[in-house]
Number of protein chains: 4
Amino acid sequence: MIIIMERNATEENIKKVVNLLKEHGFNVIDHAGDIHTVIDAIGDKTTITPDRLSALEGVKEVKSIREPFRLASRDRKPEDTVIEFSNGVKIGGNNPAVGIVGPCSIDSNYEGLLEVAIAAKEAGCEFLRGGAFKPRTSPYDFQGLEEEALKLMARAKEETGLLLVTEVMDSQDLPMICDYVDVVQIGARNMQNFKLLKAVGKCNTPVVLKRGPANTIREFLLAAEHIMYNGNENVILCERGIRTFDNTYTRNTLDLTAVPVIKKYSHLPVIVDPSHATGQRYLIEPMSKAALVVGADGLMIEVHNDPENALSDGKQSLSIPMFKDIIGRISALNKRLHYERECLSANIQ
Amino acid sequence: MIIIMERNATEENIKKVVNLLKEHGFNVIDHAGDIHTVIDAIGDKTTITPDRLSALEGVKEVKSIREPFRLASRDRKPEDTVIEFSNGVKIGGNNPAVGIVGPCSIDSNYEGLLEVAIAAKEAGCEFLRGGAFKPRTSPYDFQGLEEEALKLMARAKEETGLLLVTEVMDSQDLPMICDYVDVVQIGARNMQNFKLLKAVGKCNTPVVLKRGPANTIREFLLAAEHIMYNGNENVILCERGIRTFDNTYTRNTLDLTAVPVIKKYSHLPVIVDPSHATGQRYLIEPMSKAALVVGADGLMIEVHNDPENALSDGKQSLSIPMFKDIIGRISALNKRLHYERECLSANIQ
Amino acid sequence: MIIIMERNATEENIKKVVNLLKEHGFNVIDHAGDIHTVIDAIGDKTTITPDRLSALEGVKEVKSIREPFRLASRDRKPEDTVIEFSNGVKIGGNNPAVGIVGPCSIDSNYEGLLEVAIAAKEAGCEFLRGGAFKPRTSPYDFQGLEEEALKLMARAKEETGLLLVTEVMDSQDLPMICDYVDVVQIGARNMQNFKLLKAVGKCNTPVVLKRGPANTIREFLLAAEHIMYNGNENVILCERGIRTFDNTYTRNTLDLTAVPVIKKYSHLPVIVDPSHATGQRYLIEPMSKAALVVGADGLMIEVHNDPENALSDGKQSLSIPMFKDIIGRISALNKRLHYERECLSANIQ
Amino acid sequence: MIIIMERNATEENIKKVVNLLKEHGFNVIDHAGDIHTVIDAIGDKTTITPDRLSALEGVKEVKSIREPFRLASRDRKPEDTVIEFSNGVKIGGNNPAVGIVGPCSIDSNYEGLLEVAIAAKEAGCEFLRGGAFKPRTSPYDFQGLEEEALKLMARAKEETGLLLVTEVMDSQDLPMICDYVDVVQIGARNMQNFKLLKAVGKCNTPVVLKRGPANTIREFLLAAEHIMYNGNENVILCERGIRTFDNTYTRNTLDLTAVPVIKKYSHLPVIVDPSHATGQRYLIEPMSKAALVVGADGLMIEVHNDPENALSDGKQSLSIPMFKDIIGRISALNKRLHYERECLSANIQ
């Protein structure tokens, strides 16, 4: 850590900081500049936080040198994390990107859900996603069918063999949800619901963690750290658009750069959700392809058998014919990129 | 609602929208412009959402005319909501702003906590706040003493008569927390934790709802709506700074304008937390005064008996001497503004 | 336009709005809802602005139905604008994306500049870009060589045949700059420097207009409208990253979705600058490829013969070897995408 | 400066940085941490920028210790800058806040302008502001009467003795404008129009510099630095609202905290424009009072004799009766705060 003192910091103030750092076992170097004294604390200690130091009198700023996330960091684990499922499906590393497809929320029409599942299966996708518990901005909106929805998803899994993904909103529901699904999702609005992160960290089911719409990449990786710290290392990060000053033509701003950035700093797989990010059907094909090109390990795409009657997010849901139309081109790109990665790693360019 | 159709919307598309609206009992008027057809749906129906309509083919945009929050709206309840406590303390309306004072998180030093409580009491403040369950960005930070902290707060209440405020992070802890405190707080990061909003809505304890750092005022009022919709109308809104592009010198950007804006649209009391908003001690006095001037019904100020050894947010906590220094000037302003409001409402300016 | 009246708007207020609209030749329909009266003004008049109407007493909100930009809109010109240069190079439409390559700012080392130009030429790029007049946040930074830089660029053009692009910061310099370059650039910070937009609109040289880091896509298209309105229709829009809450690992947030969005609403060509958007060398290859995939008509990439001694933005400049390494893969993708578009437009998929 | 090296930085990389710093006369200390080597460069040199250093291979990050603005900094000039005008009016220091009042843009109705000027004068305000050259987002909006407007303002000055403020948009107009007005204004959108900052820096007229809607406080002070660096030290900073994710109920988010923050780091006077910040008449009184409470040296308030027919920003303009209604209360607060400051500085609390 580097501690920058205020211009008017006293000898007292400086001594206090230095001594505290030494007590905690840091190797300390301090030197006065023209205006500010700078104190370098060398060592990797977690017994004292920058927060604590910045509270000391005369301290202007504390700067951490190393990233605050450790388990999620490539510094600790250079190779990519690959998550493998019972049926052999893999997410991460050099594997082709997976397809996670389904309606925003599950309604009671099973035939419709099955239609979507079959279309996904035929397109070579691996996962069926659907909302059972819905976080809704307004209490007047549909809140989800809860366990009934999970039962319908389970039936669709039996018929198609697709793996299941659904969102958990409360730690109390977690055991029940884990009985049905292969991956639990933490929604964007719950990215810093630390009780929920802890609960999910204590179960063995892989987790899709969605980036909070106003959270930095560092906070995103720290949220993953909460899950890993509690024992669950199977975390899949999902970029789903961030909140910016511009939502004139799209719901959020898709931060595709986050994919290569996260891959530089972390070993965890990263997927992209163009449906929630853009909120517009016509943008799903181009942004899905771009996500693959920048290295996404998967795509989460909303598809509904009857978007015009969907109980939520119909505007951004693809109909089955639209989905069939674009998924072919997306898969072709996915295959080619996978092939190129294979060649690259085999050093035959 | 107003539905704006795409320039290339077909007669079919338009008819479909019109018929759906009529089915739902709206009085419908549609007319073609040079480029877009506009459909007005007159009536107040909740059976169909803008979300649903915007999913129809050919729909460019759906614009709601009335605000989506109803229980929280002044349209429904023109007079200010005033929350009264057993000891006669009142929040809202023309009452003087209340003072909610205490450490960010409670540590095991009871004497220190008591010192703060006594200072608050002597300064005429009404509430002692303190964190028992702490949401922390990093799992390596102090997570709170949980029930032990509440026991210490209860002791301080006995000795000082101050009312208690603490944050709830999980619905499971709610009954236990309500046994100890007079007001439960929903933290900024949980503003859209709808399960928690629902749980808090089902209990009778007044709630301080903090604005999410990246939530609009409309979303803020919709979060309050979730609580009220579930039965608890004693909601106190707390502006605590929003996330913007600039955090060079402050932790967040305090949106003081939100206070008069909320008071125009809602009858709920609004308080301000300058400590979390700015993260800087030297800004607490000016921003507290400004909050009072724009009509805040209360101030939430972090005070710690030993900020340099606080387990969280020491940087923004006032020491007891600093607090005593500024609270006198803040209280004087509070009294004068209250007097002016009294005169105003008595029409003797 | 749609005018939404306040709940407490008087008959007087409403009549006033209606009459004013009628005076301006609108076909007016008004109807009272439960709470708000809504007035529809049908017609396409520019004699009265929403701004003006929203100032009328009792008006809550004015909503435009049609986009405020007209010349830049696809409503007026459905087919893509293609800009052709003397040497046959074309930007826009189904043409392959162009490459605009060069140092952030031109320093006095001509040999270095030439090296870059030759590398660009050999890679099949069409344009050499370089800064002669530099907008710098700090007055203590290098401000550019001005005309001397243009002379060096002109020499490099003679030797390589590359077209030239440089930024104009003041209308006074415009005639001189146009004598040297093929395209003038309006920098991001000047996107709403309307005097400059007007001046550029009055000359015939094609313009690269960079998106302001905090400007919406609508404002971006309105800035283009200023140029077109003054007579210059050869506007190339450049997405170069927007300012968001997160600049931890990148300089800005590249808004790639803006490319397909702009192409839906406007006929103008759109290029992408991954160098300024990310500020990181390692992100230039993936984000360039993603830009091509979403339909960018060109890429603007910073390359310097000696980034470590560049007078500005060295961190984001590629060295010539790095450039040669990545440009091959980027060009291959460009060619394949162009081929696919050709097939598509020839209806042979 | 502090230079943090990448974890994989070589001895070579480190040596290169160290040597370069030494060449530039820095006193250099470097030490390896567990992961990153940190290099401290002690000394105050402007011959090498962080920009330049961050381009060196193996450099992860460069952190400046001292603020990049020097002339604008309190480190250089601890006492407040006070700007005095021919008629004895003063801005800054312990002087009462000044009132800068007038229409957004000047239209041809002189009588109306005079009415506003007289109302301002009677209310004890010191400045008449009005737009002659208007930056407009759309080319279809009114662009200003240019010199004719200045002539009208000059007449109003003769009759009332008010000082004049108007915006300059192009350096070419500057000499002409300076013949008419006492203060030139740089608009928010031109805050980083460095050619204009330079031109204004070379004239003697005091400058109101408006904060760019998406610029940090540091960038704001650096823009002031550009003006001062070119010779004009009479810079008045104006906070006028920043762009955030929330513009539902207000035009911008007024960053009032910026006032005490700027006063901590700079000696320059700071004024506040609640009209542009909020865009809502009902917010002007509360936000004006709050601005005074946090220490603003002036208020810029839009007043129009006939807002409903104003050619721009009517929505946020006060009518003369509204202005007269609120200005009394604002002035009373201004007087009391000035009195308190006087007492304070006279140490008689």
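I keep staring at the packing of aromatic side chains and nothing clicks. Help me out?
The geometry of an aromatic ring pair comes down to the distance between the two centres and the angle between the two planes. What the rule picks out here adds up to twelve aromatic pairs over all chains. Centre to centre, the rings of Tyr 265 of chain B and Tyr 249 of chain D are 4.4 Å apart; their planes meet at 35 degrees, and the pair counts as tilted. Within this pair, whereas Tyr 265 of chain B is found in helix H8 (residues 258–265), its partner Tyr 249 of chain D is found in the loop between strand E12 (235–239) and helix H8 (258–265), the two belonging to separate chains. Take Tyr 265 of chain B and Tyr 249 of chain D: they sit in the same class, and that class is buried. The ring of Tyr 265 of chain B is capped by Lys 264 of chain B, whose NZ or CZ atom sits 5.0 Å from the centre of that ring.

Sorry if this is basic, but what is going on with the interface of chain B and chain A here?
Quoted interface sizes are often the accessible area lost when the parts come together. Tallying the contact residues gives 52 residues for chain B and 52 residues for chain A. Carbon and sulfur atoms make up 47% of the area that chain B and chain A hide from each other, which totals about 4,500 Å². Per-residue buried area on chain B facing chain A is highest for Tyr 140, Lys 195 and Glu 308 of chain B; these three make up 18% of the total on that side. For the interface between chain B and chain A, the tally reads eight salt bridges.

Explanation requested: the interface of chain C and chain B in the structure shown.
Listed as interface residues are 28 residues of chain C and, on the opposing side, 27 residues of chain B. Here chain C meets chain B over a buried area of about 2,300 Å², counting both sides, of which 61% is carbon and sulfur. It is Lys 63, Ile 65 and Asp 75 of chain C in chain C that bury the most area against chain B; as a group they hold 21% of the surface buried on that side. One can count six residue pairs in polar contact (both at pLDDT 80 or more) joining chain C with chain B. Secondary structure elements with two or more residues in the side of chain C that touches chain B: strand E1 (2–5), strand E2 (27–32), strand E3 (37–42), strand E4 (59–63) and helix H8 (258–265) of chain C.

Explain the sheet that holds strand E2 (residues 27–32) of chain D here, please?
Each strand in a sheet pairs with its neighbour through backbone hydrogen bonds, running either in the same direction (parallel) or in the opposite one (antiparallel). Residue and element names in this part refer to chain D. Strand order in the open sheet formed by four strands is E2-E3-E1-E4, and the pairing between neighbours is antiparallel. Strands with a single pairing partner mark the edges of an open sheet, and in this sheet they are E2 and strand E4 (59–63). In this sheet, neighbouring strand axes are inclined to one another by 15 degrees on average, regardless of whether the strands run parallel or antiparallel. Examined bridge by bridge, strand E1 (residues 2–5) and E4 share four bridges and lie antiparallel to one another. Paired with Ile 2 across the strands is Lys 63, a residue of E4. This element, helix H1 (residues 11–23), spans E1, E2, strand E3 (37–42) and E4 of the sheet and lies at about 5 degrees to E3.

Is there a simple way to explain the pattern of salt bridges in this structure?
Pairing of side chains with opposite charge becomes possible as their charged atoms draw close. For the structure on display, the rule yields 92 salt bridges over all chains. The closest approach of N and O atoms between Asp 75 of chain D and Arg 7 of chain A, which form a salt bridge, is 2.8 Å. In this pair, Asp 75 of chain D is assigned in the loop between E4 and strand E5 (83–84) and Arg 7 of chain A in the loop between strand E1 (2–5) and helix H1 (11–23), connecting two distinct chains. The closest approach of N and O atoms between Asp 297 of chain D and Lys 263 of chain D, which form a salt bridge, is 2.7 Å. Taken as a pair, Asp 297 of chain D in the loop between helix H10 (284–293) and strand E14 (298–302) and Lys 263 of chain D in helix H8 lie far apart in primary sequence, 34 residues in all. For Asp 297 of chain D, a relative accessible area of 3% corresponds to the buried category. What emerges from the salt-bridge pattern is a single network uniting Arg 211, Glu 239 and Asp 255 of chain A together with Asp 246 of chain C.

For this particular structure, what's the right way to read the side chain of Thr 278 of chain A?
Summarising the element assignment, Thr 278 of chain A is placed in helix H9 (residues 274–278). The contacts of Thr 278 of chain A, once residues within four sequence positions are left out, are Thr 250, Arg 251, Leu 283, Ile 284 and Met 287 of chain A together with Thr 257 of chain C.

Looking at this model, I keep getting lost on the relation of the copies chain B and chain A. Mind explaining?
Superposing the two chain copies requires a rotation about an axis and a translation along that axis. The two copies are related by a screw motion: chain B maps onto chain A through a turn of 180 degrees and a shift of 0.0 Å along the axis, at an RMSD of 0.0 Å. Between the two chains, the operation in question is that of a two-fold axis. No C-alpha of chain B lies nearer the rotation axis than that of Ala 214 of chain B, which sits 3.0 Å from it. Both copies present the same face, since 100% of the interface residues in chain B are matched by interface residues at the equivalent positions in chain A.

What should I look at first to understand the domain arrangement of chain A in this one?
For chain A, the domain assignment lists domain 1 (2–63) and domain 2 (83–348). Placing the centre of domain 1 of chain A and that of domain 2 of chain A at their C-alpha centroids yields a distance of 44 Å.

What's the story with a negative patch on the surface in this structure? I'm lost.
A contiguous patch of negative charge on the surface is contributed by Glu 111, Glu 115, Glu 158 and Glu 159 of chain A. Tracing the backbone through its elements, the reader meets Glu 115 of chain A in helix H3 (residues 110–122).

Mind showing me how you'd approach the nonpolar core here?
The nonpolar side chains of a soluble globular protein tend to be buried with one another. Core analysis: the largest hydrophobic core is formed by 331 residues, its most contacted members being Leu 209 of chain A, Leu 209 of chain B, Leu 209 of chain C together with Leu 209 of chain D. Once residues lying within four places of it in the same chain are set aside, the contact partners of Leu 209 of chain C are Ile 186, Met 191, Leu 197, Phe 220, Ala 223, Ala 224, Ile 227, Val 235, Ile 236, Leu 237 and Cys 238 of chain C.

So what exactly am I meant to see when it comes to the packing of helix H3 (residues 110–122) of chain C against helix H11 (residues 320–345) of chain C here?
Two quantities define a packed helix pair, namely the angle between the helix axes and the distance between the axes. Residues and elements named next belong to chain C. Packing of H3 against H11 brings their axes to within 11 Å, and their N-to-C directions diverge by 10 degrees. Taken together, the axes of H3 and H11 are roughly parallel relative to one another. Contacts between H3 and H11 involve Glu 115, Val 116, Ala 119, Ala 120 and Glu 122 on the former and, on the latter, Ile 320, Phe 323 and Lys 324. Of the residues in the contact of H3 with H11, the class split is five nonpolar, no polar and three charged.

Would you explain the relation of the copies chain C and chain B in this entry?
With an axial shift of 0.0 Å and an RMSD of 0.0 Å, the rotation relating chain C to chain B amounts to 180 degrees. Looking at the interface residues of chain C, 96% of them are also at the interface in chain B, so both copies use one shared face.

How should the pairing of strand E14 (residues 298–302) of chain C be read in this particular structure?
Side-chain direction in a regular strand flips from residue to residue, so the side chains alternate between the two faces of the sheet. All names here are of chain C. Burial analysis of E14 places five of its five residues in the buried class, the great majority of the element. What you see with E14 is no split at all: Gly 298, Met 300 and Glu 302 on one side and Leu 299 and Ile 301 on the other are buried throughout. In terms of strand pairing, strand E7 (residues 98–102) meets E14 through five bridges, oriented parallel. Note that in E14 the partner of Gly 99 across the bridge is Leu 299. The pairing of strand E13 (residues 270–272) with E14 spans two bridges and is parallel. Bridge pairing links Val 272 to Leu 299 in E14.

What am I meant to see in helix H1 (residues 11–23) of chain B here?
Owing to its 3.6 residues per turn, the α-helix brings residues three or four apart onto one side. Residue and element names in this part refer to chain B. Across its 13 residues, H1 extends 18 Å between first and last C-alpha, which sits within 8% of the 18 Å expected from 1.5 Å per residue. Among the residues of H1, Asn 13, Ile 14, Val 17, Val 18, Leu 20 and Leu 21 are the ones counted as buried. Buried positions in H1, seen along its axis, are confined to an arc of 165 degrees and lie on one side of it. Summarising the geometry of H1, the exposed residues directed more than 90 degrees from the buried face are Glu 11, Glu 12 and Glu 23.

How should the sheet that holds strand E2 (residues 27–32) of chain A be read in this particular structure?
All names here are of chain A. Taken in spatial order, the four strands make up an open sheet running E2-E3-E1-E4, and their pairing is antiparallel. Each edge of the open sheet is held by one strand with a lone partner, namely E2 and strand E4 (59–63). Strand-to-strand twist across the sheet, computed as the mean angle between neighbouring axes with direction ignored, equals 15 degrees. Across the sheet, H1 is in contact with E1, E2, strand E3 (37–42) and E4; its angle to E3 comes to roughly 5 degrees.

Honestly, the environment of Gln 280 of chain C in this entry has me stumped. Any pointers?
Residue and element names in this part refer to chain C. Tracing the chain through its elements places Gln 280 in the loop between helix H9 (274–278) and helix H10 (284–293). Put simply, Gln 280 and Arg 251 are 29 residues apart on the chain and 7.9 Å apart in space, counted from C-alpha to C-alpha. Discounting residues that sit within four places of it in the chain, Gln 280 has contacts with Tyr 249, Lys 315 and Gln 316.

In this structure, what is going on with H8 of chain B? I would like to understand it.
With seven of eight residues buried, H8 of chain B is to be regarded as a mostly interior element. The set of residues buried in H8 of chain B consists of Ala 258, Val 259, Pro 260, Val 261, Ile 262, Lys 263 and Tyr 265 of chain B. Tucked inside the fold, the buried residues of H8 of chain B contact helix H7 (217–229), strand E12 (235–239) and strand E13 (270–272) of chain B together with H10 of chain D.

Conventions we followed
Residue positions within a chain follow its written sequence, with the count starting from 1. Both sets of labels track the order of writing: A upward for chains, 1 upward for ligands. It should be noted that, the model being predicted, local features are given only for residues of pLDDT at least 70 and side-chain atom pairs only at 80 or more, the latter also being counted only at that level, while totals for whole chains, interfaces and linings use all residues. The side-chain quantities take in all heavy atoms of the structure and omit both hydrogens and water. Centre distance within 6.5 Å is the pairing criterion for rings of Phe, Tyr and Trp, where only the six-membered ring of Trp is used; planes under 30 degrees apart are then read as stacked, over 60 as edge-to-face, and the remainder as tilted. Runs of H or I in DSSP of at least four residues are treated as helices and runs of E of at least two as strands, each being numbered from the N terminus. Whether a residue is buried, partly exposed or exposed follows from its accessible area with a 1.4 Å probe, protein chains only, as a fraction of its type maximum: under 20%, in between, or over 50%, in that order. By definition, being over a ring means that NZ of Lys or CZ of Arg is both within 6 Å of the ring centre and within 35 degrees of the ring normal. In this analysis, two residues are considered to be in contact whenever any of their non-hydrogen atoms come within 4.5 Å of each other. A 1.4 Å probe defines the accessible area here, and the buried area is the portion of it lost by two parts on being joined, summed over both. We define a salt bridge as a contact between a side-chain nitrogen of Lys or Arg and a carboxyl oxygen of Asp or Glu at a distance within 4 Å. For the purposes of these results, a polar contact is taken to be a pair of N or O atoms within 3.5 Å, where, inside protein, one atom must be able to donate a hydrogen and its partner to accept one; residues adjacent in sequence count only when each atom of the pair is a side-chain atom. Two strands qualify as a pair provided that DSSP identifies no fewer than 2 bridges between them. Whenever a helix is involved, its axis is fitted only over the stretch in contact; in every case the axis is a line through C-alpha atoms, and angles between N-to-C directions fall within 0 to 180 degrees. The atoms used to superpose the copies are C-alpha atoms, taken from residues with pLDDT of at least 70 in both, and the fit is least squares. Where each domain begins and ends is defined by an automated method or by a domain database. Patch definition: residues above 30% relative accessible area lacking any salt bridge, with like charges linked at up to 9 Å and the nonpolar side chains Val, Leu, Ile, Met, Phe, Trp and Tyr linked at up to 5 Å. Areas reported as accessible are Shrake-Rupley estimates using a 1.4 Å probe. Residue values count occlusion only from the protein chains shown. The positive count covers Lys and Arg only, the negative count covers Asp and Glu only, and His and the chain ends enter neither. Just so you know, the charge point we use is NZ for Lys, CZ for Arg, CG for Asp and CD for Glu. The term nonpolar core refers to a set of buried residues drawn from Ala, Val, Leu, Ile, Met, Phe, Trp, Tyr and Cys, joined through side-chain atoms within 4.5 Å. Geometric relationships in this document are graded by angle, where less than 35 degrees denotes roughly parallel, more than 145 denotes roughly antiparallel, 65 to 115 denotes roughly perpendicular, and other angles denote oblique. Only Asp, Glu, Lys and Arg are considered charged, only Ala, Val, Leu, Ile, Met, Phe, Trp, Tyr, Cys and Pro nonpolar, and every remaining residue, Gly among them, polar. Every helix has an expected span of 1.5 Å times one less than the residues it contains. Within this analysis, the arc is defined by the directions that extend from the helix axis to the C-beta atoms.

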